[in-house]
Every structure is written in structure tokens, then in C-alpha cells.
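# Chain and residue survey
Chain by chain, the residues:
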Amino acid sequence: MPRQPVSLHMVFSGPPGAGKTTMARIIGRLYATLGLLKSGHVIEVQSADLVGQHISHAADQTRKKIEEAMDGMLFIDEAYVLAGSDHGQDFFRETIETLIKAMEDQRDRLAVIAAGYTEPVERFVESNPGLKSRFRRTVVFADYAPEELAVILERQCEKQGYVLDKEAKQRAHAIIAMGRENRGVDFGNARTVRGFFEAMARRQSERVASDPEANPASVVADDLPPALA
């Protein structure tokens, strides 16, 4: 039987730091393994990378990134910006029309993932009938649970050779749980935990530098920042 055409385009909606970019890279490799794309490489761009500096550049800039992504995936982070008006509607119209044409004409060689916060990226798709008809699959990403964020921190520590003592681990879990519960709209999930880890590492290095007998790998409770940034 002949192979049926499959739409490879998707929308990733959800909060920052929830793994959208990482998942796009995995799916690119998966598409290549399945033979849906030749290479499965991922070209990651922000909306501004497609718009350019002048109206006449918008289509050329978009075509350039599409060409780089050919036989792989174009991942557009904060795609909802393309539905705004910061640079004028002509910029965005040129970009969107060029993108839609490539999504249709090169659908067997190109996968496009539009990513962003849930409501804005949904408005982006709804803003143009051509986008709506081509983005037929949406993957929703949720905030990580406190337990998952704690695991992310512990794995980061292991990767960098740090060991949390019992009290430090308990306090870290409590700080993460409190930060998760009181999170705002800009809560960065794994990104926020990474910032917490980096602050912890700085505090720990300052303590170790002032104590020649301190274990350089050990993290104690006082090394932890008081809250998630």
C-alpha cells in the first residue's frame, strides 16, 4: 500500500522550562528514525529571527530559516509574537504567509513546531485560517510537580559532583515545594531549578573557600538559597 501523507506540524503549549525544546529535539530524531524526515535535525528560532529588520526582509529571513530546517524541524519559540503588532502587521503577514506556504509545499520534508504559553500560542494559531488548518495537533505541557523539580535538582547535583546531606535535601525539597505552590505566570520550572542550583553552588563555594577542611563536594543546608528565584 502507498504511504499515507502525515502532517508533522505541531503546537507545543505550556509554561516555560517544561521541556518543550527538549521534546522537539527528541521528536526530530524520532521522525528521522521512522523515515518521516531525512535528517531530523532541529533549527531553533525565536519569532524575531523570522521577522528581520525591514518589511522586505521578513519573507527572505523566514525562507532562510526554513531552508536551514529542510529535511528536519523548524522549532519556533514564542511563536505567538508573530500574531502581535510590535513590528507592524506587514512584518508578521510576510512571515506567516511564507511559513504557511512552506508547511504546505514542503510538508514531506519539513516539520514545524510552534511553541509558547498556552493562551497566546492558541491565539496565534487561531489568528490565521492557514495556520489553523496546518497545526492540527497540540501537545500541552504542564508545570512539573514539586517531587519532579526536586529530582531535577538532585540530578543536577549528581552531574556536577555535589552531594546534598540529609538536612540540605530536606530543606531543598521544602523550598522547592513552597516555590512551586506560590509560582507566578513566569515560573520557569526546570529553568528556575537550574537558577536555584547555580545560586547554591556559589554559596557552597564561598563557604568551602573560607574553610580549608570543608569537603568541596558536600552541600549543607546553609548553602541553599532561601527561596526559588
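About the criteria used
Residues numbered from 1 in each chain as written. Predicted model: local features only at pLDDT ≥ 70, side-chain atom pairs only at ≥ 80, totals over all residues. Heavy atoms only, no water. Phe/Tyr/Trp six-rings, centres within 6.5 Å; stacked < 30°, edge-to-face > 60°. Helix = DSSP H or I, 4+ residues; strand = E, 2+ residues; numbered from the N terminus. Buried < 20%, exposed > 50% of the residue type's maximum accessible area, 1.4 Å probe, protein only. Expected span 1.5 Å × (residues − 1). Contact = heavy atoms within 4.5 Å. Polar contact = N/O pair within 3.5 Å; in protein donor to acceptor, adjacent residues only side chain to side chain. Salt bridge = Lys/Arg side-chain N within 4 Å of Asp/Glu carboxyl O. Pairing = 2+ DSSP bridges. Axes fitted to C-alpha atoms, helices over the stretch in contact; angles between N-to-C directions. pLDDT = per-residue confidence, 0-100.

The subject of this paragraph is the packing of aromatic side chains. This model, assessed by the stated rule, comprises 3 aromatic pairs. Ring centres 5.0 Å apart and planes at 55° place the aromatic pair phenylalanine 12 and phenylalanine 141 in the tilted group. Taken as a pair, phenylalanine 12 in strand S1 (residues 10-13) and phenylalanine 141 in the loop between strand S5 (138-140) and helix H7 (146-160) lie far apart in primary sequence, 129 residues in all. Since its relative accessible area comes to 0%, phenylalanine 12 is described here as buried.

For the rest of this paragraph, the subject is helix H8 (residues 166-181). Under the 1.5 Å per step criterion, the end-to-end length of H8 is 23 Å for 16 residues, consistent within 8% with the ideal 22 Å. Turning to H8, the residues buried within the fold contact H7, strand S6 (163-164), helix H9 (190-209) and strand S7 (218-219). You can read the cap of H8 off the contacts: a side-chain oxygen lies 3.2 Å from the backbone nitrogen of glutamate 167, and it is on aspartate 165.

This part takes up the pattern of salt bridges. Counted according to the given criterion, the structure contains 12 salt bridges. A salt bridge links aspartate 71 to arginine 109, with the shortest nitrogen-to-oxygen separation between them at 2.9 Å. Of this pair, aspartate 71 sits in the loop between helix H3 (55-69) and strand S3 (72-77) while arginine 109 is found in the loop between helix H4 (89-105) and strand S4 (110-116), placing the two residues 38 residues apart along the sequence. By relative accessible area, aspartate 71 is classed as buried at 17%. A salt bridge links glutamate 167 to arginine 171; its shortest N-O distance comes to 3.7 Å. Taken together, the positions of glutamate 167 and arginine 171, both in helix H8 and 4 residues apart, correspond to about one turn of that helix. Salt bridges linked by common partners bring Glu104, Arg107 and Arg134 together as one network.

The subject of this paragraph is the sheet that holds S5. Strand order in the open sheet made by the 5 strands is S2-S3-S4-S1-S5, with parallel pairing throughout. For this open sheet the edge positions go to strand S2 (42-46) and S5, each flanked by a neighbour on one side alone. Strand-to-strand twist of the sheet, defined as the mean angle between neighbouring strand axes without regard to direction, takes the value 20°. Sheet topology note: the S2/S3 ladder contains 5 bridges and is parallel. Bridging across to S3, glutamine 46 finds its partner in aspartate 77.

Let us look at the confidence of the model for the chain. A residue-level look at the chain finds 93% of positions with pLDDT of 70 or above and a mean pLDDT of 91. Across the chain, element-level confidence peaks in H7 with a mean pLDDT of 97 and bottoms out in helix H2 (residues 47-51) with 83.

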